[in-house]
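Structure at a glance
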Amino acid sequence: MSPLHNSPLRLLGSLVMIAAIVGGAAAAFAYTAGWLSPQRLTPDKMLAALAPPGGPALGHRRNHAKGICFTGVFEANGNGAALSSAQVFTRGQYPAVGRFNLGTPDPDAADATVRVRGMGLRVATPDGREWRSAMIDPPFFPVSTPQAFRDLLLASASKDPNAMKTFTTANPEFAAFAAWASSAPWTGSYAEERYNSLNSFVLTDAAGVEHTARWSLVPTALIVPVTHDDLAKRSPDFLEREITERVRSGPVRWTMVVTVANPGDPTADPSKVWPDDRRTVEIGTLIVQRIEAEADGPCRDINFDPTVLPPGIRTSDDPFPAARSSVYRESYDLRTAEAKDYPRTEAGAKP
Amino acid sequence: MIHIRHRFSPLQRLLHWLMAACLLAMFFIGVGMVSTIMPKYLPLVATHESLGVAILVLALIRLVLRLYRGAPALPADLPESMKLAAHLSHYALYALMIAMPLLGWGMLSAAAYPVVLYGGIRLPSLLPQSDSLHTLLWDAHFYLGFAFFALVLLHIAAALFHALVRRDGVFETIAPVPVADEVAPTKAIPAE
């Protein structure tokens, strides 16, 4: 019962054992943290790849940095109840907050310079649950995996003239996106875009049957193609001005369409479209009623994390929502810590 | 003769070892989840949140038990500095077991994330959305998390020091099963 009974050898053995146990635990912790695995794709690395050469715009989202807030309602027609038991799929009107945005890390980008337009959406239901989604207007994603997305970002930023060629050889699915980007018609309005989830999710109906699905917001506005040259002549913020004017003169609508996969469809790969004959269900209408600038607007504080889902909707085998969630969260952590770099303008605005 | 308790109560010991497993899991899940973008990110976050709330509940029960049942006295021959370290580290461990889940919950609330536990249990929001509160709570949760892990390593080292080097019965007070040495404190230890 006293330290006096320790022989020097036994004492040494005990101390070595203690050091080994504590050191081993610390090493396992370091390994788990990724400190010993420089190859691991972390949210930090994804954000570093997204950042423009001059560094990220402090206080802003690290991608889709330019945007404008909207509020309105999602009017569910009840048809969705056949697919999901989520309250948002039952007939009713639910408040919606969202954000029209551009796929760029630059909050000051001229609107005509950005090919990809997007919409973040949060619909809240009386049961206290939320459905958050962040959709974009291309009909499919450029690449099949999050790793390939980072490779795309690195290749497009690379000074190596062969970087993109090497990338497209390794990721042939990118060719379809490149073709879309160069040939798809442009429009002059956020209201004329179709916003697609691209990622698949699993909907569970009241009977417990699962349906893997993607969704899209299909515009009801008349789509007027405009040449890119014409857009380039417009004001750098023409999209924000246009949607503000348009909504001021009346609500703007989209039909929410859910497309259900057949067994064997590529549910894990958002770069692959599903055949045209797949079952679609129109589940309701998004009605945008008010536009507000982002700096003081209701969308500013929302992370449109696509894994914030109500019961009745969950993630599928598509690896993107998890990756997006982890990276969006990091982006949110950073931008909230940098809020002073993107000041709110109204007196009495929240800190 | 004054009765001296040599061991924590069975419930206290059970809670100690159950929470030891939970806490170690939390450290590894926490540091692992923030360093991955793989699909496992989502179940890791969900587990971290659910386990965090479980730890909060268990820690509060344990605190009440500790206040009610107390702890066996430390050996009389333990140097005062080690006694002080033991007492302070136990205060810090209890404080962190209770504070860390609350910081995490508050941090998620200040970011306007819904907190949904296993079984679909939705926790109320503790705070309104706030950039500055979110940053403050995030920093606290992050840095205290590392400090907490370091403290647990120190606690393990100290426990092993008591068990292997001092062999003074302190480890036996919390050991999950009785250890032979404990029951015969006066037995002569054979020469080695």
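All of these numbers come straight from a predicted model, not from anything done at the bench. (Residues numbered from 1 in each chain as written. Chains lettered and ligands numbered in written order. Predicted model: local features only at pLDDT ≥ 70, side-chain atom pairs only at ≥ 80, totals over all residues.)

**Things to note about the overall build of chain A**
Cut-off, in case you're wondering: Strands here mean DSSP runs of E at least two residues long; helices mean DSSP runs of H or I at least four residues long; both are numbered from the N terminus. Three classes are used. A residue is buried when 20 or more other C-beta atoms lie within 10 Å of its own, exposed when 12 or fewer do, and partly exposed in between, with C-beta atoms placed from the backbone. We call two residues in contact when the distance between their C-beta atoms, placed using the backbone, is within 7 Å.
If you tally the helices and strands in chain A, you get 8 helices and 12 strands. Taken over the C-alpha atoms alone, chain A extends approximately 90 × 55 × 55 Å along its principal axes. With 351 residues in all, chain A has 40% of them scored as buried. Restricting the contact set of chain A to residue pairs at least 6 apart, pairs at least 24 apart contribute 73%.

**A closer look at the confidence of the model for chain B**
Residue and element names in this part refer to chain B. Using the following cut-off: Confidence scores per residue from the predictor, reported as pLDDT, run from 0 to 100.
Mean pLDDT over chain B stands at 91; residues scoring 70 or higher make up 91%. Contacts from residues 182-192, a stretch scored under 50 in pLDDT, to residues over four places away or in other chains number 9 contacts. At the level of chain-chain contacts, confidence expressed as ipTM amounts to 0.94, with global pTM at 0.93.

**Brief notes about the environment of Ile29(B)**
Residue and element names in this part refer to chain B. Mapped onto the elements of the fold, Ile29 is located in helix H1 (residues 10-33). Under the C-beta neighbour-count criterion, Ile29 is labelled buried, with 21 such atoms within 10 Å. Sequence separation between Ile29 and Tyr41 is 12 residues, and the spatial gap between their C-alpha atoms is 9.4 Å. Leave out the neighbours within four places in its chain, and Ile29 touches Leu44, Thr47 and His48.

**Re the interface of chain B and chain A**
For the record, the criterion: Ten residue types, Ala, Val, Leu, Ile, Met, Phe, Trp, Tyr, Cys and Pro, are classed as nonpolar, four, Asp, Glu, Lys and Arg, as charged, and the remainder, Gly among them, as polar.
With 39 residues of chain B at the interface, the matching set in chain A holds 46 residues. Those elements giving two or more residues to the side of chain B that touches chain A turn out to be H1, helix H2 (41-69) and helix H4 (131-166) of chain B. No other element matches H4(B), which puts 14 residues into the side of chain B that touches chain A. Its residues assigned to classes, the side of chain B that touches chain A shows 23 nonpolar, 10 polar and 6 charged.

**Some remarks on the domain arrangement of chain A**
Put simply, the test is: All domain edges in this entry derive from an automatic or database-based domain assignment.
Domain boundaries assigned for chain A yield domain 1 (10-37) and domain 2 (63-319). Relative placement of domain 1 of chain A and domain 2 of chain A: their C-alpha centres are 47 Å apart.

**Side note on the packing of H1(B) against H2(B)**
Between two packed helices, what matters for the description is the angle formed by their axes and the separation of those axes. All names here are of chain B. Stated formally: Geometry is summarised by axes, namely lines fitted to C-alpha atoms with helices restricted to the contacting stretch, and by angles between N-to-C directions that run from 0 to 180 degrees. These descriptions rest on fixed angle ranges, namely under 35 degrees for roughly parallel, over 145 for roughly antiparallel, 65 to 115 for roughly perpendicular, and the rest for oblique. The handedness criterion is simple: a crossing whose near helix is rotated anticlockwise from the far helix by less than a right angle is left-handed, and one whose near helix is rotated clockwise is right-handed.
Where H1 meets H2, the closest approach of the two axes is 9 Å, and the angle between their N-to-C directions is 150 degrees. It follows from the interaxial angle that H1 and H2 lie roughly antiparallel. Between H1 and H2 lies a crossing whose hand is left-handed. Taken together, the residues of the contact of H1 with H2 break down into 19 nonpolar, 6 polar and 2 charged.

**Side note on the nonpolar core**
Selection rule: To form a nonpolar core, buried Ala, Val, Leu, Ile, Met, Phe, Trp, Tyr and Cys residues must be joined through C-beta atoms within 7 Å.
Counting 86 residues, the largest nonpolar core has Val88(A), Leu217(A), Leu286(A), Ile37(B) and Met107(B) as its most contacted members. No other element matches the 8 residues that helix H3 (residues 80-110) of chain B contributes to this core. Non-local contacts of Leu217(A), meaning those with residues more than four positions away in its chain, are made with Met119(A), Met135(A), Arg194(A), Tyr195(A), Trp254(A), Met256(A) and Leu286(A).

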